[in-house]
Structure formats: C-alpha cells, structure tokens
Amino acid sequence: MSRVARTAALIALAGLGAGGCMTDHGYVMIGGPEKAYYGYLDTPTADGGHTVRVIRPDPDTAMAYWERRAQELCGGKVKRKIIHTAVRPTVLYEHYGGRPGDFNVEGMVYCEGEAAPAAEAAVEAPPAAS
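Values in this document were obtained by computation on a predicted structure and should not be read as measured data.

1. What about the overall build of the protein?
Moving on, step 1. The secondary structure content of the protein amounts to three helices and six strands.
Moving on, step 2. In the protein, the succession of α and β elements from N to C terminus is α-β-β-α-β-β-β-β-α.
Moving on, step 3. Counting every position in the protein, which comprises 130 residues, the buried fraction comes to 25%.
Moving on, step 4. Across the protein, the fraction of contacts at a sequence separation of at least 24, relative to all contacts at a separation of at least 6, is 49%.
Moving on, step 5. In the form shown here, the protein has an accessible surface area of approximately 8,700 Å², with 59% of it arising from carbon and sulfur atoms.

2. Considering the state of the cysteines
Moving on, step 1. Taken as a whole and judged by the stated rule, the model has one disulfide.
Moving on, step 2. Across the disulfide, C74 is cross-linked to C111 (sulfur-sulfur distance 1.8 Å). Between C74 and C111 the disulfide shows an S-S torsion of about -75°. By sign, it is left-handed. A residue pair is termed long-range when its members are at least 10 positions apart, and C74 in helix α2 (residues 59–74) and C111 in strand β6 (residues 103–111) qualify at 37 residues.
Moving on, step 3. Take C74: its relative accessible area is 9%, and that puts it in the buried class.
Moving on, step 4. Residue C111 is classed as buried on the basis of its relative accessible area, which comes to 3%.

3. Topic: the nonpolar core
Moving on, step 1. Among the nonpolar cores identified, the biggest contains 13 residues, and V52, V54, A62, W66, V105 and V109 are the most heavily contacted of them.
Moving on, step 2. Of all the elements in the fold, those that place two or more residues in this core are β2 (50–56), α2 and β6.
Moving on, step 3. The leading source of residues in this core is α2, at five residues.
Moving on, step 4. Those residues within four positions of V105 in sequence are excluded, and the remaining contacts are V52, R53, V54, A62, M63, W66, I83, T85 and A86.

4. Thoughts on the packing of aromatic side chains
Within a pair of aromatic rings, the relevant descriptors are the distance that separates the centres and the angle that separates the planes.
Moving on, step 1. Per the stated rule, a full pass over the model turns up three aromatic pairs.
Moving on, step 2. Plain terms: the ring middles of Y27 and Y40 are 4.8 Å apart, the flat faces sit at 35° to each other, and that makes the pair tilted. With Y27 in the loop between α1 (3–19) and β1 (39–44) and Y40 in strand β1, this residue pair connects regions lying 13 residues apart in the sequence. For the residue pair Y27 and Y40, the accessibility class agrees, reading buried in each case.
Moving on, step 3. Considering the side-chain rings of Y27 and Y65, the 5.1 Å spacing of their centres and the 85° angle between planes classify their relative orientation as edge-to-face. Linking Y27 in the loop between α1 and β1 with Y65 in helix α2, this pair joins segments that are 38 residues apart in sequence.
Moving on, step 4. Three or more aromatic residues joined by ring pairs form one cluster here, namely Y27, Y40 and Y65.

About the criteria used
- Residues numbered from 1 in each chain as written.
- Predicted model: local features only at pLDDT ≥ 70, side-chain atom pairs only at ≥ 80, totals over all residues.
- Heavy atoms only, no water.
- Helix = DSSP H or I, 4+ residues; strand = E, 2+ residues; numbered from the N terminus.
- Buried < 20%, exposed > 50% of the residue type's maximum accessible area, 1.4 Å probe, protein only.
- Contact = heavy atoms within 4.5 Å.
- Areas by Shrake-Rupley, 256 points an atom, 1.4 Å probe, with all protein chains shown as cover.
- Disulfide = S-S within 2.5 Å.
- Core = buried A, V, L, I, M, F, W, Y, C linked by side-chain atoms within 4.5 Å.
- Phe/Tyr/Trp six-rings, centres within 6.5 Å; stacked < 30°, edge-to-face > 60°.

Rendered as structure tokens:
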C-alpha cells in the first residue's frame, strides 16, 4: 500500500471515529439516558411558564423541535411563546474563516391555565383619592 493510500485510509478512519461522538438520537432530551448532545431541554420557571432550549445541526429541525416541545408541555394549549435566542455561533476560526456551530433555539412557553407572567399580570392601580 502506498504512503498516499495509507494516509487517506487513516484520515477516513479518523473521520468515522469523530463522527460517532456526535450521534443524532432524534427527538430526545439532551443528556438523558442516551447521553444525547442534540435534542431539547426544558425547565419550569418561577412565573409558571417553561424555558425550552433545542440544539440541532440545522435550523429547520431546531425550530420544529422547539414548537413540538412547546405543544407537548402545554398539552396543545399554548397561551404564549417567546423565542428570545435563535443563533448559530461560530465555533472555530481557521485560515479561511469561521466554521458554523450547531443551531440553538431558546425561549419561553406559557400554557393556558398557568400563572400569567409578571408583565401581563401587572394592572395599573387607580390613583389614590386625596
């Protein structure tokens, strides 16, 4: 086997090995039993809503997963959704520019029947009589 062929074979094996580290488990919780890197996370908030975060390689799937998780959390009765972060950060700069990272979507979900956020619940008090 020539030196060039051996080098190409080693590069191919290294690529296969590195690709196995970022297995795409589909629509699953990040971490979880599968130790997934891609997927969703959600946590309840003090004002009765939920923070939902999705990490995916592509923006279309990330947005679809975010919407799906919002619907699941609210049983299909979503009152309000606020996406405050939708970014693809640059993770590496080399000789020819940056390499884009994974797409991150994060926001708040409020369901029907849950406590209203403080901004919505605030009602202006009438002026005090003198």
